[in-house]
Amino acid sequence: MRIYLDYNATAPVPPAVVDAVAVALRDCYGNASSVHVFGQQAKSVLDESRSAVARLIGAEPSEIVFTAGGTESDNLAVRGVAEALESAGRRHLIASAIEHEAVLNSVKALGKRGWTTTLLQVDGTGVIAPGALAAAIGDRTALVSIMLANNELGTIQPVAELAAMARARGVLVHTDAVQAIGKIPVDVRALGVDLLTLSGHKFGAPKGVGALWVRRGLALQAQSTGGRQERGRRAGTENVPGLEGLRVAADIVSRTPAAEARRIASLRDRLESGVLGLVPGSVVNGDAAARVPNTSNISFERVEGESLVIALDLEGIAVSTGSACSSGTLEPSHVLRAIGLSSSRVQSAIRFSLGPGTTEAEIDRVLDVLPPLVARLRSRGGGRG
Ligand code: PLP
């Protein structure tokens, strides 16, 4: 039995999505910019996909800019807004300290080009205090970028409240909702933001497709230049089969009943309370209440997280030590450090992330396998202090 508990890294692709992608790849090979019928067919795939993504987040289809995923959308949001506002002298950016590298490195790059940047600290549960944002906003602030749900902890930020405060002071707001889509309801108008990032592969679409929602009328400097695709905001021939997959995945998420999130939350809670009860010296990181339903980040005293990931993998259980991009490096998680964890607790953290395919039998298997593995690693001294 192979058990996949790494949905925050990427999600399995449902059969309906696989089939739709295969059909589009075979039958819709036209270029969506061509005037002939092949082109029109491809164009209609894009139109349907745009409508499905818009429905998913309460937006208008014309506000959706297709991209190659979360990283590109984050880059386009931060750099695109910054460059559009540069000439107006608005050269200050704010982001939270726990953003994904796609946001953080865009902010850093602008910092090197003379922008002033502020990284907002979070509290011990990973949440930004609204007062911290209020204090950071100045006359020259162009954009605030705050993620809706964190990839490592699952913590949900009070984005609607933060966005209202920023917009009242004339500041644009971007939210990276990559880890929220498919886990909690996401509605751009209720959030009150100006830009929102989503990535298809986190909710069942193929890798390499995503979108940036851009509120109508907002000025954005394109980051890839070339043809006039995506209303001049993102040049390049569109990934028609991938976007057909995005349409089906978005429709599946839109139709999924709220009871499914409760089912996943109860499995996550079963896993968490089981681990805490069975493994002495285990502790949950982040905010146990304000979290997406599928994520649990747990530190195991005197165990090296990487060693535990490998030991679990040998038992057929896939988890990770943090974000997929940083795992495999020995860089300690910037998210866990930002919530003030000691370095030993950071090094001993494991992220479990569940999804639609997760079953009770799988969770019970993890609860059978994990405690003796932790005990074995500890007895070998296979961990840090
Ligand atoms: N933002 C967050 C919060 C993520 O978790 C990820 C992926 O791990 C990304 C952005 C990047 O998305 P993509 O893998 O589609 O580039």
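Predicted, not measured: the structure shown is a model, and the values here were computed from it.

Rules of the game
- Residues numbered from 1 in each chain as written.
- Predicted model: local features only at pLDDT ≥ 70, side-chain atom pairs only at ≥ 80, totals over all residues.
- Heavy atoms only, no water.
- 1 Å grid on protein atoms, 1.4 Å probe; cavity = no way out; pocket = protein on both sides within 12 Å on 5 of 7 lines; lining within 4 Å.
- Points joined across faces, edges and corners; volume = space filled by probe spheres on them.
- Nonpolar A, V, L, I, M, F, W, Y, C, P; charged D, E, K, R; others polar.
- Domains from an automatic or database assignment.
- Contact = heavy atoms within 4.5 Å.
- Buried area = accessible area lost by both parts, 1.4 Å probe.
- Salt bridge = Lys/Arg side-chain N within 4 Å of Asp/Glu carboxyl O.
- Polar contact = N/O pair within 3.5 Å; in protein donor to acceptor, adjacent residues only side chain to side chain.
- Helix = DSSP H or I, 4+ residues; strand = E, 2+ residues; numbered from the N terminus.
- Patch = residues over 30% accessible without salt bridge, like charges linked within 9 Å, V, L, I, M, F, W, Y side chains within 5 Å.
- Areas by Shrake-Rupley, 256 points an atom, 1.4 Å probe, with all protein chains shown as cover.
- Buried < 20%, exposed > 50% of the residue type's maximum accessible area, 1.4 Å probe, protein only.
- Near = heavy atom within 4 Å.
- Pairing = 2+ DSSP bridges.
- Axes fitted to C-alpha atoms, helices over the stretch in contact; angles between N-to-C directions.

1. Considerations on the layout of surface pockets
Okay, step 1: Taken as a whole, the largest pocket encloses approximately 760 Å³ of empty space.
Okay, step 2: Around the largest pocket sit 32 residues that line it, and Ile181, Gly182, Lys183, Val253 and Thr256 are the ones nearest its centre.
Okay, step 3: Residue composition of the lining of the largest pocket, by class: 21 nonpolar, seven polar and four charged.
Okay, step 4: For the lining of the largest pocket, the domains that each give at least three residues are domain 1 (3–11 + 257–379) and domain 2 (15–255).

2. Points about the domain arrangement of the protein
The accessible area lost on association of the parts is a frequent measure of interface size.
Okay, step 1: Segmenting the protein into domains produces domain 1 (3–11 + 257–379) and domain 2 (15–255).
Okay, step 2: For domain 1 and domain 2, the distance between their C-alpha centroids amounts to 27 Å.
Okay, step 3: Taken together, the contacts link 28 residues of domain 1 with 29 residues of domain 2.
Okay, step 4: For the pair domain 1 and domain 2, the summed buried surface comes to about 2,200 Å²; carbon and sulfur atoms form 54% of the total.
Okay, step 5: Of all residues in domain 1, Val292, His334 and Val335 bury the most surface against domain 2, accounting for 23% of the area lost on that side.
Okay, step 6: The interface formed by domain 1 and domain 2 holds zero salt bridges in total.
Okay, step 7: At the surface where domain 1 touches domain 2, the tally comes to 15 residue pairs in polar contact (both at pLDDT 80 or more).
Okay, step 8: Put simply, the parts of the chain that give the side of domain 1 that touches domain 2 at least two residues each are strand S10 (295–300) and helix H11 (334–338).
Okay, step 9: With four residues, the single largest contributor to the side of domain 1 that touches domain 2 is H11.
Okay, step 10: Of the residues contributing to the side of domain 1 that touches domain 2, the split by class is 13 nonpolar, 12 polar and three charged.

3. Brief notes about a nonpolar patch on the surface
Okay, step 1: A surface patch of nonpolar side chains, about 350 Å² in accessible area, is lined by Tyr29, Val37 and Phe38.
Okay, step 2: The topology assignment puts Tyr29 in the loop between helix H1 (15–27) and helix H2 (37–57).
Okay, step 3: Judged by its relative accessible area of 59%, Tyr29 is exposed.

4. Description of the site of the ligand
Okay, step 1: In the neighbourhood of the ligand, 13 residues make up the surrounding shell, with Thr71, Asp176, Gln179, Ser199 and Lys202 lying closest.
Okay, step 2: Side-chain polar atom of Asp176 to a nitrogen atom of the ligand: 2.6 Å apart, as the coordinates give it.
Okay, step 3: Here an oxygen atom of the ligand and a side-chain polar atom of Gln179 are 2.8 Å apart.
Okay, step 4: Its free accessible area being 390 Å², the ligand has 89% of it covered by the protein chains.
Okay, step 5: With three residues, helix H3 (residues 70–85) is the largest single contributor of residues to the shell around the ligand.
Okay, step 6: Of the residues that constitute the shell around the ligand, the class distribution is two nonpolar, eight polar and three charged.

5. A few points about the sheet that holds strand S7 (residues 195–199)
Across a sheet, strands are paired by hydrogen bonds formed along the backbone, either parallel or antiparallel in direction.
Okay, step 1: Spatially, the seven strands line up as an open sheet ordered S2-S8-S7-S6-S5-S3-S4, and their pairing is mixed. Of all the strands in the sheet, the pair left with one neighbour each is strand S2 (64–67) and strand S4 (116–120). The sheet shows a mean angle of 20° between the axes of neighbouring strands, direction not considered.
Okay, step 2: Where strand S3 (residues 92–96) meets strand S5 (residues 141–145), four bridges bridge the pair, whose relative direction is parallel.

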